[in-house]
Amino acid sequence: MTETAILSTRNLNLYYGERHALKEITIDIEPKRVTALIGPSGCGKSSLLRCFNRMNDLVENARTEGEILFKGEEITSPVADVVAIRKRIGMVFQKPNPFPKSIYENVAYGPRVHGIRDAEALDAIVEKSLRDAALWEEVKDRLHSSALGLSGGQQQRLCIARTLAVEPEVILMDEPCSALDPIATAKIEALIEDLKTHYTVVIVTHSMQQAARASDFTGFMYLGELVEFGETTQIFEAPKNRLTENYVTGRFG
Ligand code: ADP
Ligand code: MG
């Protein structure tokens, strides 16, 4: 394990019933960096991302073997506090999924669940989270309107604000731009660049251009294995593995 890693796996295997979806994955995620997971559809990117905050717990028949460590602590342990883990390791999904409530309530929801009741404190958290998600200027005059009235790109930034509101350390993003147009995508990519000042970001993307633009480290996955992992420039410019090379040069996808 690298000494600095915030999240790591060691010989992680994931099974969905009989299906062996992740095979002997050993990876270190560096803090305050962006790590991209790339690879063809079905190779296990989302499955690996879900292991990082125990979202696979919610999948019937899923079971893991091996270690998943957050700051050196085993998160698969039966005594680990799953609620606390998901607060510290938040997730943003492919399709923006705001609650059918106001913009304000979407962001205030998590802090309320975690016991914050004071109105001024909530106002401050909502503003800060929306600012950090680069959405505040666009919504500050309509905080009490429905989140469903926002554009897709705004809804996705709202979902990021909702994640930030509980002060996570890691943000997992599963193809966060796949439902967005190029302009909204560019805004999210710029936001990711800003987020890494304070947060660790792990992003799954099927866009190699996005991985090359937005990440510091890249892992290439294929058929449930982590084929190659390294600095993004190395993976794209000097891949060591033939499969990685074929993938990043667009020979298969
Ligand atoms: P990716 O995100 O790279 O497209 P996934 O992690 O979604 O890949 O899927 C990896 C493999 O696990 C695929 O073969 C997929 O069919 C299978 N899989 C994913 N989710 C489930 C599930 N809930 N139950 C059974 N098999 C699943
Ligand atoms: Mg996926």
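These figures come from a predicted structure and were not determined experimentally.

Focus on helix 6 (residues 152-164)
Stage number 1. The end-to-end C-alpha distance of helix 6, which contains 13 residues, comes to 18 Å, matching closely the 18 Å that a straight helix rising 1.5 Å per residue would cover.
Stage number 2. Buried residues dominate helix 6, accounting for twelve of its 13 residues.
Stage number 3. Within helix 6 the residues assigned to the buried category are Gly153, Gln154, Gln155, Gln156, Arg157, Leu158, Cys159, Ile160, Ala161, Arg162, Thr163 and Leu164.
Stage number 4. Here the buried face of helix 6 lies against strand 6 (89-92), helix 3 (103-113), helix 4 (119-132), helix 5 (136-139), strand 7 (170-174) and helix 7 (182-195).

Observations concerning the environment of isoleucine 38
Stage number 1. Checked against the element boundaries, isoleucine 38 lands in strand 3 (residues 34-38).
Stage number 2. Along the primary structure isoleucine 38 and glutamate 137 are separated by 99 residues, whereas in three dimensions their C-alpha atoms are 33 Å apart.
Stage number 3. Apart from residues no more than four positions distant in its own chain, isoleucine 38 is found in contact with Cys43, Lys45, Thr205, Ala211, Thr218, Gly219, Phe220, Met221, Phe236, Tyr247 and Val248.

A few points about the packing of aromatic side chains
Stage number 1. The full count for this structure, using the stated rule, is four aromatic pairs.
Stage number 2. For the ring pair phenylalanine 220 and tyrosine 222, a centre distance of 6.4 Å and an interplane angle of 15 degrees mean the geometry is stacked.
Stage number 3. Three or more aromatic residues joined by ring pairs form one cluster here, namely Phe220, Tyr222 and Tyr247.
Stage number 4. Against the face of tyrosine 15 rests arginine 63, its NZ or CZ located 4.4 Å from the ring centre.

Here's the deal with the packing of helix 3 against helix 6
Stage number 1. Packing of helix 3 against helix 6 leaves a shortest axis separation of 7 Å and a crossing angle of 30 degrees. The angle between helix 3 and helix 6 falls in the class roughly parallel. Note that helix 3 runs across helix 6; the crossing there is right-handed. Contact residues: helix 3 offers Ile103, Asn106 and Val107, while helix 6 offers Leu158, Ala161 and Arg162.
Stage number 2. For the contact of helix 3 with helix 6, the residue count by class is four nonpolar, one polar and one charged.

Concerning the sheet that holds strand 1 (residues 7-16)
Stage number 1. An order of 2-1-4-5 is seen for the four strands of this open sheet, with the pairing classed as antiparallel. Whereas interior strands pair on both sides, the edge strands pair on one side only; in this sheet they are strand 2 (19-29) and strand 5 (73-74).
Stage number 2. With two bridges connecting them, strand 4 (residues 62-70) and strand 5 associate as antiparallel partners. When the bridges of strand 5 are listed, leucine 69 appears paired with glutamate 74.

Section: the nonpolar core
Stage number 1. Grouped together as the largest cluster of nonpolar side chains are 41 residues, with contacts concentrated most on Ile103, Leu130, Leu158, Ile160, Met173 and Leu195.
Stage number 2. Ranked by residue count, the leading element in this core is helix 7, at five residues.
Stage number 3. Setting aside its immediate chain neighbours within four residues, leucine 130 contacts Ile103, Val107, Leu135, Trp136, Val139, Leu143, Leu158 and Ala161.
Stage number 4. In terms of nonpolar packing, the next biggest core, distinct from the first, is built from 29 residues, Leu14, Ala21, Ala80 and Val170 among them.

Definitions and limits used
- Residues numbered from 1 in each chain as written.
- Chains lettered and ligands numbered in written order.
- Predicted model: local features only at pLDDT ≥ 70, side-chain atom pairs only at ≥ 80, totals over all residues.
- Heavy atoms only, no water.
- Helix = DSSP H or I, 4+ residues; strand = E, 2+ residues; numbered from the N terminus.
- Expected span 1.5 Å × (residues − 1).
- Buried < 20%, exposed > 50% of the residue type's maximum accessible area, 1.4 Å probe, protein only.
- Contact = heavy atoms within 4.5 Å.
- Phe/Tyr/Trp six-rings, centres within 6.5 Å; stacked < 30°, edge-to-face > 60°.
- Lys NZ or Arg CZ within 6 Å of the ring centre and 35° of its normal.
- Axes fitted to C-alpha atoms, helices over the stretch in contact; angles between N-to-C directions.
- Parallel < 35°, antiparallel > 145°, perpendicular 65-115°, else oblique.
- Left-handed = near helix turned anticlockwise from the far one by under 90°.
- Nonpolar A, V, L, I, M, F, W, Y, C, P; charged D, E, K, R; others polar.
- Pairing = 2+ DSSP bridges.
- Core = buried A, V, L, I, M, F, W, Y, C linked by side-chain atoms within 4.5 Å.

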